Amino acid sequence: MKLSDDTYYEQEANQAFFSVSQYKDFCKCEAMALAKIHGEYEQPTTKAMLIGILCDRWFEGTLDKLREESPNIFYCRNGALRAEFRKADDIIKRVQKDERFMQYMSGEKQKILTFEMFGAPWKMKMDSFVEGICITDLKVVQNFKNLAFWRYDLQGAVYQAGVEACGYGRLPFYLAAATKEAVTNFDIFQIDHPILDMALREIEGNMPRFIAVKSGLEEPHYCGVCDYCKSVKKAELRWYSELLEG
Ligand SMILES: [Zn+2]
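Residues numbered from 1 in each chain as written. Predicted model: local features only at pLDDT ≥ 70, side-chain atom pairs only at ≥ 80, totals over all residues. Heavy atoms only, no water.

**Student:** Which residues make up the packing of helix 4 (residues 47–60) against helix 7 (residues 86–95), and what values go with them?
**Tutor:** Viewed as axis vectors pointing N to C, helix 4 and helix 7 meet at an angle of 40 degrees, and their least axial separation amounts to 9 Å. Considering only the axes of helix 4 and helix 7, their crossing is right-handed. Residues Ile51, Leu54, Cys55, Trp58 and Phe59 of helix 4 form the contact with helix 7, whose own contacting residues are Ala88, Ile92 and Val95. Looking at the contact of helix 4 with helix 7, its residues break down into eight nonpolar, no polar and no charged. (Axes fitted to C-alpha atoms, helices over the stretch in contact; angles between N-to-C directions. Helix = DSSP H or I, 4+ residues; strand = E, 2+ residues; numbered from the N terminus. Left-handed = near helix turned anticlockwise from the far one by under 90°. Contact = heavy atoms within 4.5 Å. Nonpolar A, V, L, I, M, F, W, Y, C, P; charged D, E, K, R; others polar.)

Put into structure tokens, the structure is as follows:
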């Protein structure tokens, strides 16, 4: 299956390929990951995700296309950006004045690669790819402390391995991070190689199980606490005292 901008996020593509976000879904809850793949569950889009999309699109130079595709989500009837998304506008205005930030984001945008890794086909889409130089992913986060929480090392590990598997060599992985704080903070973070290598080993260790679950050979585990699990659960008879143990 050959992927394009139009087909990248389609169900068929998610069935055919693993991706970083699908891998993370499997880590969180196998049943939820599988339901998403089968189109039985869709995670609600959050405001944070939409702000990320807006910033990605600005860097890609496709804001106008976005306006046509989804006129009511981001823009008011008079064409102005909705109040809740003005933060994205502030962030863009701030970082575009910074030479280093823009340099790291100056590569080929939203480049799609597909490759084989750990016995499965993978897909990935890079925010900025400078051949022979580096891979950069744009992250709009609440603050820098949150950056490590989201395990971007997993993304860096897959992207680095994918770029290498496609014959571009081993390139450094950077996060071009900007915060949604009242005054935007921003920097370029390099995820160092030992951390990426460790993340890749972690992925390698989990893949046999995830491949087996995705292909239906093994039954998915239900985490029991995520929104998907709650949406398909049956009532249990429980002890009140469980709640007190907290
Ligand atoms: Zn779950």
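**Student:** Give me the layout of surface pockets: which residues, what numbers.
**Tutor:** To find the voids left in a structure, one rolls a probe of water-molecule size over its atoms. In this structure, the second largest pocket encloses a volume near 170 Å³. Leu147, Ala148, Arg151, Tyr152, Asp153, Leu175, Phe189, Gln190, Ile191 and Ile195 are the residues that line the second largest pocket. Of all the elements in the fold, those that place two or more residues in the lining of the second largest pocket are helix 9 (152–165) and strand 6 (186–190). Tallied by class, the residues present in the lining of the second largest pocket amount to seven nonpolar, one polar and two charged. (1 Å grid on protein atoms, 1.4 Å probe; cavity = no way out; pocket = protein on both sides within 12 Å on 5 of 7 lines; lining within 4 Å. Points joined across faces, edges and corners; volume = space filled by probe spheres on them.)

**Student:** With reference to specific residues and values, describe the pattern of salt bridges.
**Tutor:** Under the definition given, this model contains 15 salt bridges. Ionic pairing is found between Arg151 and Asp153, a salt bridge with its closest N-O pair at 2.9 Å. A relative accessible area of 14% places Asp153 in the buried class. A network of salt bridges, in which partner residues are shared, links Arg57, Glu60, Lys65 and Glu69. (Salt bridge = Lys/Arg side-chain N within 4 Å of Asp/Glu carboxyl O. Buried < 20%, exposed > 50% of the residue type's maximum accessible area, 1.4 Å probe, protein only.)

**Student:** Please give an account of the coordination of the zinc ion that cites residues and values.
**Tutor:** Note on metal sites: the ideal angle is 109.5 degrees for four tetrahedral donors, and 90 or 180 degrees for six octahedral donors. In the first shell of the zinc ion, the protein supplies Cys29 (SG), Cys223 (SG), Cys226 (SG) and Cys229 (SG), at 2.2 to 2.3 Å from the metal. Coordination at the zinc ion comes from four donor atoms whose angles at the metal span 105 to 114 degrees, giving a geometry best classed as tetrahedral. Every donor residue of the zinc ion comes from the same chain, spaced as C-x193-C-x2-C-x2-C. With Cys29 in the loop between helix 2 (20–28) and helix 3 (30–37) and Cys226 in the loop between helix 10 (193–214) and helix 11 (227–232), this residue pair connects regions lying 197 residues apart in the sequence. You can call Cys29 buried: its relative accessible area is 2%. (Donors = N, O, S within 2.8 Å, 3.2 Å for Na, K, Ca; no water. Tetrahedral: all angles 85-135°; square planar, octahedral: opposite > 155°, others 65-115°.)

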